[in-house]
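# Structural features, examined
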Amino acid sequence: MRNLRNIFVWSMCLSVAAMAAADANSDFLKFCKDMAKKTDAAFAKRDTAFFDKMSTDDFTYTEMGQQQNKKDALKQMKAMFKTSKTIDSKTTVKSSKVTGNTGVCQCVGTFKAVMMMPNDKKYHKMTGTEYDTQTWVKVGKTWKLSKIVQTKTANMKLDGKPFDPSKMGAMEAHGAKKGK
């Protein structure tokens, strides 16, 4: 009888732990979905202060194999906003997982922008899809974005034609440093 009671107690403890983990994961997924909407709105408003506030001091952004620190990423973003007439993005959170004070979410973002290209100084319509992994860390009671790694781009088009931004040096034109 005593063994049966111990098994019951242990199974209850494991159930409570599993429910707590499930709650943490579902809370983080909700947070990520809410932040995706806020991020899309910040792009439309060209709100770099939002991105500065939501990220950690040691934030990094990796795109096309090039890593930028927070200062350089914000500089590139400001340059992009300055050369864009419109930016419309839609971010979808595909999955998320929390382990301790770290959360990771997989996102897919589609975008449409009218922006000036550095090579001809004319406005062009750019569209595409980006896949990224976002790493968030708990700072006090708040989640802060620590890292974004772009894992893939797809369907990139410039004025309706297939486009490979890595061939154009677009990141360097907007402040990225090559080879970091």
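To be clear, the structure that these remarks concern was listed above.
These notes cover the structure that comes with them. Just so it is clear, the structure is predicted and the values come from calculations on it, not from any experiment.

### Remarks on the overall build of the chain
A tally of helices and strands in the chain yields four helices and seven strands. The linear arrangement of helices and strands in the chain, starting from the amino end, is α-α-β-β-α-β-β-β-β-β-α. Residues counted as buried form 39% of the 180 residues belonging to the chain. Sequence separation of at least 24 residues holds for 57% of the intrachain contacts in the chain that already meet a minimum separation of 6. Carbon and sulfur atoms make up 57% of the accessible area of the chain, which amounts to about 11300 Å² in all.

### Quick notes on the environment of V139
Within the secondary structure layout, V139 lies in strand β5 (residues 123–139). On the accessibility criterion, V139 (43% relative accessible area) is partly exposed.

### With respect to the side chain of T39
Along the chain, the position of T39 falls in helix α1 (residues 2–45). With near-sequence residues (within four places) excluded, T39 lies in contact with F50, F51 and M54.

### Here's the deal with unusual backbone geometry
Most peptide bonds adopt trans geometry, and most residues besides glycine take a negative phi value. Phi is positive for R46, close to 60 degrees, though the residue is something other than glycine. Within the chain, K121 stands out as a residue other than glycine whose phi angle is a positive 60 degrees. Within the secondary structure, K121 is located in the loop between β4 (102–116) and β5.

### Regarding the pairing of strand β6 (residues 142–158)
Across four bridges, the pairing between strand β1 (residues 55–63) and β6 is parallel. Directly across from T62, in β6, lies its bridge partner V149. Bridging between β5 and β6 involves 13 bridges; their strand directions are antiparallel. Counted as the bridge partner of T129 is A154 from β6. Counting the residues that bridge the hairpin from β5 to β6 gives two residues, and of these G140 lies at a positive phi of roughly 65 degrees. Note: β6 against strand β7 (residues 161–162), two bridges, orientation antiparallel. Looking at the pairing, L158 lines up with K161 of β7. In this structure, the hairpin formed by β6 and β7 is closed by a connection of two residues, where D159 is found at a positive phi of approximately 55 degrees.

### Quick word on the pattern of salt bridges
Applying the stated criterion to the full structure yields two salt bridges. The partner of K30 in a salt bridge is D34, with the nearest N and O atoms 3.1 Å apart. Within this pair, K30 and its partner D34 are both found in helix α1, separated by four residues, close to a single helical turn. A salt bridge links D52 to K70; its shortest N-O distance comes to 3.0 Å. Residue D52 is found in helix α2 (residues 48–54), and its partner K70 is found in helix α3 (residues 70–82); the two are separated by 18 residues along the sequence.

### Brief notes about empty space enclosed by the protein
Summed over all chains, the structure comprises one cavity of 30 Å³ or more. Around the largest cavity sit 46 residues that line it, and F43, Y61, E63, M80 and E130 are the ones nearest its centre. Ranked by the residues each element gives to the lining of the largest cavity, the list is headed by β4, at eight residues.

### A closer look at the nonpolar core
Within the largest apolar cluster, 33 residues are counted, with the highest numbers of intra-cluster contacts made by F28, F31, F51, M54, C105, M126 and W136. Elements that contribute at least two residues to this core include exactly α1, α2, β1, α3, β3 (84–99), β4, β5 and β6. Of all the elements, α1 adds the most residues to this core, at seven residues. Residues within four places of F31 in sequence aside, it is in contact with W136 and W143.

About the cut-offs
- Residues numbered from 1 in each chain as written.
- Predicted model: local features only at pLDDT ≥ 70, side-chain atom pairs only at ≥ 80, totals over all residues.
- Heavy atoms only, no water.
- Helix = DSSP H or I, 4+ residues; strand = E, 2+ residues; numbered from the N terminus.
- Buried < 20%, exposed > 50% of the residue type's maximum accessible area, 1.4 Å probe, protein only.
- Contact = heavy atoms within 4.5 Å.
- Areas by Shrake-Rupley, 256 points an atom, 1.4 Å probe, with all protein chains shown as cover.
- Pairing = 2+ DSSP bridges.
- Salt bridge = Lys/Arg side-chain N within 4 Å of Asp/Glu carboxyl O.
- 1 Å grid on protein atoms, 1.4 Å probe; cavity = no way out; pocket = protein on both sides within 12 Å on 5 of 7 lines; lining within 4 Å.
- Points joined across faces, edges and corners; volume = space filled by probe spheres on them.
- Core = buried A, V, L, I, M, F, W, Y, C linked by side-chain atoms within 4.5 Å.

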